Amino acid sequence: MAFDYFYGQQADQFAFYRVPKILFIEDKFWNVSAEAKLLYGILLDRMNLSAKNGWIDEKGRVFVICTIENIMEDLGCGNKKAGQLLSELENKAELIERVRQGLGKPNLIYVKNFISGVPNSVERHFLKCQNDTSGDVKNASLEMLKRHGNNTELNNIEINNTDNLIYLENLKKTFEEIGMDNPYEIYLKEKLEYDSLAIQYKHHVQMLDEIFEIMADTLCSHRKTIRIGGDDKPAEIVKSRLMKLEHEHMQFVMDCILENTTKIKNIRQYILTTIYNATQTIDSYYTTLVNHDLYGD
């Protein structure tokens, strides 16, 4: 079936989801995916219906009820993707807030006002440049450095792990030249959604920080081999495995470490081995948990 063209003002007769333009041009939202921005537009559209239905709390705030299933249907995505997009809007963009109602009840979603958290143009320029002009360049963020001298967004690099490592290594040299820490830990925290993990494991943030530090140190290593579980593995293979990690792998690593009851002589080596094996063992681990819940010991 061939679609026809629009003539005159015909486009005005249709209903559209409205995604605020500011989400695409404002620096604050540079690292938010286009899919998450689209979901925000869908939630904004639901706000009107919520207001008409009287879904307003005691403080006068309008809330939305939009389940994972609703998002899967609206965006044509899977359960995991829908959850990731909600997490991105809440933890990375801070554009929504989810409030749990209890077992079996859907979460209440408060859609945040995207304008209220965006500084005016004067404030925005100051926030961009203050680290460069204050003399404390070491504390400048990777986000600031990208705006001023590098247009490549780390979390959107569509290249293989080897090229990604080469890019990060070159960027590390640039950081060292201006006295800044290397970018590996910053990259990992962005890619693996550190903020979300810190909330989930709020009582074990020190352990979480140690894990990210170990991964960053490993990626920085210039050794030809890296010891994993008593064996010396080629460094490039170990680094490539670490670059494949996703958010759920970090949850798996944290769960394994926290559930371990045996005495560990070398905690650093144990953590690195668990991280290295995460991509290969995560499925069997959770399958075992499910079978345990179903059938007992």
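Before any of the text, the structure's been laid out above.
My aim in this report is to walk through the structure given alongside it, one point at a time. (Residues numbered from 1 in each chain as written. Predicted model: local features only at pLDDT ≥ 70, side-chain atom pairs only at ≥ 80, totals over all residues. Heavy atoms only, no water.)

What about the pairing of strand β3 (residues 225–228)?
- Of the two faces of β3, only the one carrying Ile226 and Ile228 is buried; Thr225 and Arg227 on the other face are not.
- Where β3 folds back onto strand β4 (residues 231–234) in an antiparallel hairpin, the turn is made up of two residues, including Gly229, whose phi is positive at roughly 55°. (Buried < 20%, exposed > 50% of the residue type's maximum accessible area, 1.4 Å probe, protein only. Helix = DSSP H or I, 4+ residues; strand = E, 2+ residues; numbered from the N terminus. Pairing = 2+ DSSP bridges.)

Looking at unusual backbone geometry
- With a phi angle near 60°, Glu94 is a residue other than glycine that sits in the positive phi range.
- Mapping Glu94 onto the fold places it in the loop between α4 (79–92) and β1 (96–99).
- At Glu193, a residue that is not glycine, the phi angle is positive and equals roughly 60°.
- Considering the arrangement of structural elements, one finds Glu193 in the loop between α8 (184–191) and α9 (194–200).
- By relative accessible area, Glu193 is classed as partly exposed at 22%.

So, the packing of α8 against helix α10 (residues 205–220)
- Relative to each other, α8 and α10 sit at 125°, their axes nearing to 9 Å. When the axes of α8 and α10 are compared, the pair comes out oblique. You can see that α8 and α10 cross each other, and the crossing is right-handed. Contact with α8, carried on its side by Tyr184, Glu185, Leu188 and Lys189, involves Asp209, Phe212, Glu213, Met215, Ala216, Leu219 and Cys220 of α10 and no other residues of that element. (Axes fitted to C-alpha atoms, helices over the stretch in contact; angles between N-to-C directions. Parallel < 35°, antiparallel > 145°, perpendicular 65-115°, else oblique. Left-handed = near helix turned anticlockwise from the far one by under 90°. Contact = heavy atoms within 4.5 Å.)

Observations regarding the packing of α10 against helix α12 (residues 247–259)
- It is at 11 Å that the axes of α10 and α12 come closest, and there the two elements cross at 120°. Relative to α12, the element α10 lies oblique. For α10 against α12, the interelement crossing comes out right-handed. Residue-level contacts link Met207, Leu208, Ile211, Phe212 and Met215 of α10 to Met250, Val253, Met254 and Ile257 of α12.
- Residue composition of the contact of α10 with α12, by class: nine nonpolar, no polar and no charged. (Nonpolar A, V, L, I, M, F, W, Y, C, P; charged D, E, K, R; others polar.)

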